[in-house]
Amino acid sequence: MSHVETETASQPECWRRAAEVAADRKAALPATGERIAVVGCGTSFYMAQAYASLREASGQGESDAYAASEFPFGRSYDRVVALTRSGTTTEVLGLLTRLRGTTRTVAVTADPRTPVMAAADEVVVLDFADERSVVQTRFATTALTLLRAHLGLHTEEVVRDAETALAEPLPEGLLESTQFSFLGRGWTVGIANEAALKMKEASLSWTESYPAMEYRHGPISIATAGTATWMFGTAPEGLPEQVRETGARWVESGLDPLADLVRVQRLAIARAAARGLDPDLPRHLTRSVVLGTAAGA
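Keep in mind that this is a model prediction, so the values were computed, not measured.

Thresholds applied
Residues numbered from 1 in each chain as written. Predicted model: local features only at pLDDT ≥ 70, side-chain atom pairs only at ≥ 80, totals over all residues. Heavy atoms only, no water. Helix = DSSP H or I, 4+ residues; strand = E, 2+ residues; numbered from the N terminus. Buried < 20%, exposed > 50% of the residue type's maximum accessible area, 1.4 Å probe, protein only. Pairing = 2+ DSSP bridges. Axes fitted to C-alpha atoms, helices over the stretch in contact; angles between N-to-C directions. Contact = heavy atoms within 4.5 Å. Parallel < 35°, antiparallel > 145°, perpendicular 65-115°, else oblique. Nonpolar A, V, L, I, M, F, W, Y, C, P; charged D, E, K, R; others polar. Salt bridge = Lys/Arg side-chain N within 4 Å of Asp/Glu carboxyl O. 1 Å grid on protein atoms, 1.4 Å probe; cavity = no way out; pocket = protein on both sides within 12 Å on 5 of 7 lines; lining within 4 Å. Points joined across faces, edges and corners; volume = space filled by probe spheres on them. Polar contact = N/O pair within 3.5 Å; in protein donor to acceptor, adjacent residues only side chain to side chain.

Participant: Account for the environment of Ser221, with residues named and values stated.
Facilitator: Turning to its location among the elements, Ser221 is positioned in the loop between strand S7 (207-211) and strand S8 (227-231). On a C-alpha basis, the gap between Ser221 and Thr246 in space is 8.6 Å, while along the polypeptide they are 25 residues apart.

Have a look at this one:
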């Protein structure tokens, strides 16, 4: 088995442990009413999008999400949350360093032996969810589970859904699909973005992602026989039928959207295997983007 296969399969147990950490490290995470920003790069940015949307929608405080390189320093926040698996990403470390002494910061990371430990005011370590694969699976979902649990929005049912996502066969015909559109609403827009990225990284698949209501505004023109449109959560009324009329495959489930993301991870691994690719080592990518002084300036 590849590392990413093993790591994907371990997610239910990681999520259970993350819920325990959330209870233990409550003081390190944003308090209700705080105005916060959540930052990350790549997969971590998409998890930041999901968390920020969940937090604000649940009435726990204004919450924005940014790629670390695009943080608006002219805005004032009570706290900035940084998601970084490696703890070494140039943009995240630079942001935390610049905020030191002016804005309270907390980092969620997998590696306690990295510079982020000194760069952030508080650090929550999920070392049990660290990964050997370049492609992120369990750290991303475990970090989001930590934050969902802190919001009071995580249940054991979510974990059982993840176990179901790992056990049940993937929908037929997806390995042969030529293009994938991933759709979300609210917090699941971030999940859709991550699903599209995962398929690109691991299997070099042609993917796109959109807010579900935006899909009718142009992107649906790509739908046809041989393509797939995958919905995370509840679809807008009439959209499944409209997609099926194009000849495209419509994919959805009754699982929690984070558990449904596990199905996409499995699909990405399966497509990589079918194409003779190594899902642990996607082309042009490394575990962490560490830039030189000139490039990171």
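That was the structure; now back to the text.
Participant: A description of helix H4 (residues 90-99) should follow, citing residues and the corresponding values.
Facilitator: If you check which residues of H4 are buried, you get Thr90, Val92, Leu93, Leu95, Leu96 and Leu99. Backbone geometry just after H4 places Gly101 at a positive phi near 85°.

Participant: Please give an account of the sheet that holds strand S4 (residues 104-109) that cites residues and values.
Facilitator: The 5 strands lie next to each other as S2-S1-S3-S4-S5, forming an open sheet whose pairing is parallel. Whereas interior strands pair on both sides, the edge strands pair on one side only; in this sheet they are strand S2 (63-67) and strand S5 (122-125). Across the sheet, the axes of successive neighbouring strands diverge by a mean angle of 20°, strand direction being ignored. Pairing of strand S1 (residues 36-40) with strand S3 (residues 79-84) involves 4 bridges; the strand directions are parallel. Across the sheet, Ile36 pairs through a bridge with Arg79, a residue of S3. In the packing of H4 onto the sheet, the strands contacted are S1, S3 and S4, and the crossing angle to S3 comes to about 160°.

Participant: Kindly report on the packing of helix H6 (residues 138-150) against helix H10 (residues 257-274), identifying the contributing residues and their values.
Facilitator: It is at 11 Å that the axes of H6 and H10 come closest, and there the two elements cross at 180°. Judged by the angle between their axes, H6 and H10 are roughly antiparallel. Between H6 and H10, the contacting residues are Thr141, Leu144, Thr145 and Arg148 on the first element and Leu258, Leu261 and Gln265 on the second. Classifying every residue of the contact of H6 with H10 gives 3 nonpolar, 3 polar and 1 charged.

Participant: Got a sec to walk through the pattern of salt bridges? Specific residues and values, please.
Facilitator: One pass over the structure, following the stated rule, counts 13 salt bridges. Between Arg25 and Glu122 there is a salt bridge, with the nearest N and O atoms lying 3.4 Å from each other. Note that Arg25 is positioned in the loop between helix H2 (11-24) and S1 and Glu122 in strand S5, a separation of 97 residues in sequence. Residue classification places Arg25 among the partly exposed positions, given a relative accessible area of 28%. We classify Glu122 as partly exposed; its relative accessible area is 25%. Between Glu122 and Arg104 there is a salt bridge whose closest N-O contact spans 3.7 Å. Separated by 18 residues along the polypeptide, Glu122 in strand S5 and Arg104 in strand S4 bring together distant segments of the chain. What you see here is one network of salt bridges that share partners, running through Arg16, Glu156 and Glu163.

Participant: Could you give an account of the pairing of S1, naming the residues involved and the relevant values?
Facilitator: Summarising burial for S1: 5 of the 5 residues are buried, a large majority. Residues Ile36, Val38 and Gly40 of S1 are buried on one face, and the alternating residues Ala37 and Val39, pointing to the opposite face, are buried as well. Bridge analysis of S1 against S2 gives 5 bridges, and the strand direction is parallel. Paired with Val38 across the bridge in S2 is Ala65.

Participant: How would you explain the layout of surface pockets if you had to name every residue and give the values?
Facilitator: Space inside the largest pocket adds up to approximately 430 Å³. Taken together, 21 residues line the largest pocket, and the ones lying closest to its centre are Cys41, Gly42, Thr286, Arg287 and Val289. Broken down by secondary-structure element, the contributors of at least two residues to the lining of the largest pocket are helix H3 (43-57), S3, H4 and helix H8 (188-203).

Participant: Could you give an account of the side chain of Ser177, with specific residues and numbers?
Facilitator: The residue Ser177 is located in the loop between helix H7 (156-167) and strand S6 (179-184) in this model. The exposure class assigned to Ser177 is buried, which follows from its relative accessible area of 5%. A polar contact is formed between the side chain of Ser177 and the backbone oxygen of Gly173, at a distance of 3.4 Å. Setting aside residues no more than four positions away along its own chain, Ser177 makes contact with Gly226, Thr227, Ala228 and Arg271.

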